[in-house]
Amino acid sequence: MKPLFLASLILAFVARSLASAPAVQEPSIDNLLKKLPPPEKVMQNPVDQAFQLEDPILLEPLARKIRDALRHRDLSNATRAAEKLTQLHPGNPAAHCLLAITQWLWSDYKLAEKELQEAIRLDNRFAFAYVLLSSVQGAQEHWTAAHASAQRAATLQPGNGVAFFLVSFCQEKLGHKAEALTAARKGAELAPAYDSVWLQLAVAEKAEGHTSECLHALNRAVEISPDNNYLLEFIGFSYINLNRLSDAIPPLERAAYFWSRDYLLQAQLGFCLEETGQLQAGMEHLHKAILIAPGYAPAWEHMGLAFVKLGRHRDAIDAFQRVTRLRPQYKLAWQHLAEEYRREGRNAEAQQADARAKSLKTTQVAITAKSK
């Protein structure tokens, strides 16, 4: 069975921060996890999973009409056809599941839950109905009930990776980290071809502080969905947080190809390239970030550092001056500026910049990202 995702699922959970690195901008891991794609961005229409069931009713023209209507996002005709199918086959649990799917997609969770309970009454060993029920209950944030339904599906079908995916997600929402991780690992083992089981495993590993395992799971998800910009950006930023800048470059380059107008992405990629000795390429991306967001001080700072490495000290001064205007309380920018003034023999200005730096309390980067 292909995976079924909670209609309201957002992979947004974190227990610990990754180690910090001196980057252009370090988005919090919390925010990065929240950027992972919601299920409606990645989920397949659940009716496609229903049609993999072995039930003669699914071969009927009316059932195929439901599938075709949903594939064309014609929810009204799909619902009418599903209602007619249940009227023709009131004792068939698959028919009730098809109707429940249409109601779920309408966000009519109460009616969907009612149809799924009827399917289970007709066949209390119908694992697919329990998977759907867990998803519908989760969409309503009824996590205890959703967990019970998912666990029942996993018990009935111990080889069903989606059931364990749902068990893990519900356990996480209930605050049971260890149990969530165990179920997530089982789900990834049973359904390794689906990116969402790896996303859930990444979240569960992260909750237990397993940074390397988290990144491994995310990379597996990217292998399955290589054009998923959210994942590519997340992995790149995570490598930056671990100070593994060379590893960050490939996913950030691919993400930047798709998201060319993302100033933070361009700035982060420029930073990584610059810090790993690829100055010209780094400056190109930093320049793109500046064109998109001229008020984004970190891009100016690292452009200035690149100018320093190239011996273009007057250009470096211009860049650092821009940083001090944008972030006048940023001590390190004043220190950079003082050093460049001295190199250019502008000693009085160097003394003024030094004095300003000494009046500030910290050398830590205190620049926060703008919302995207």
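For the structure itself, look to the data block above.
The structure contained in this document is the topic of the report that follows. (Residues numbered from 1 in each chain as written. Predicted model: local features only at pLDDT ≥ 70, side-chain atom pairs only at ≥ 80, totals over all residues. Heavy atoms only, no water.)

Right, let's talk about the packing of helix α20 (residues 331-343) against helix α21 (residues 347-359) for a bit. The geometry of α20 relative to α21 is characterised by a closest axis approach of 8 Å and an angle of 165 degrees between their N-to-C directions. As judged from the angle between their axes, α20 and α21 are roughly antiparallel. Note on packing geometry: the crossing formed by α20 with α21 is left-handed. Contacts between α20 and α21 involve Lys-331, Trp-334, Gln-335, Leu-337, Ala-338, Tyr-341 and Arg-342 from the first element and Asn-347, Glu-349, Ala-350, Ala-353, Asp-354, Arg-356 and Ala-357 from the second. Looking at the contact of α20 with α21 residue by residue, the class counts come to seven nonpolar, two polar and five charged. (Axes fitted to C-alpha atoms, helices over the stretch in contact; angles between N-to-C directions. Helix = DSSP H or I, 4+ residues; strand = E, 2+ residues; numbered from the N terminus. Parallel < 35°, antiparallel > 145°, perpendicular 65-115°, else oblique. Left-handed = near helix turned anticlockwise from the far one by under 90°. Contact = heavy atoms within 4.5 Å. Nonpolar A, V, L, I, M, F, W, Y, C, P; charged D, E, K, R; others polar.)

So, on to the nonpolar core. Membership of the largest hydrophobic core comes to 114 residues, with the highest contact counts inside it found for Leu-85, Cys-97, Leu-218, Ile-240, Leu-252 and Cys-272. Of all the elements, helix α8 (residues 127-139) adds the most residues to this core, at nine residues. Among all residues touching Cys-97, those that are not within four sequence positions of it are Leu-116, Ala-119, Phe-126, Phe-128, Ala-129 and Leu-132. (Core = buried A, V, L, I, M, F, W, Y, C linked by side-chain atoms within 4.5 Å. Buried < 20%, exposed > 50% of the residue type's maximum accessible area, 1.4 Å probe, protein only.)

Let us now look at the environment of Glu-172. Along the polypeptide, Glu-172 turns up in helix α10 (residues 161-173). Classification of Glu-172 by relative accessible area gives buried; the value is 7%. With 32 residues separating them along the chain, Glu-172 and Ala-204 place their C-alpha atoms 7.4 Å apart.

It is worth spelling out the packing of aromatic side chains at this point. Summed over all chains, the structure comprises four aromatic pairs. For the ring pair Phe-126 and Phe-128, a centre distance of 6.3 Å and an interplane angle of 55 degrees mean the geometry is tilted. Measuring from centroid to centroid gives 4.9 Å for Tyr-263 and Tyr-296, while their planes differ by 70 degrees, and the two rings are edge-to-face. Residue Tyr-263 is located in helix α16 (residues 263-275), and its partner Tyr-296 is located in the loop between α17 (279-292) and α18 (297-309); the two are separated by 33 residues in the primary sequence. Judged by its relative accessible area of 11%, Tyr-263 is buried. (Phe/Tyr/Trp six-rings, centres within 6.5 Å; stacked < 30°, edge-to-face > 60°.)

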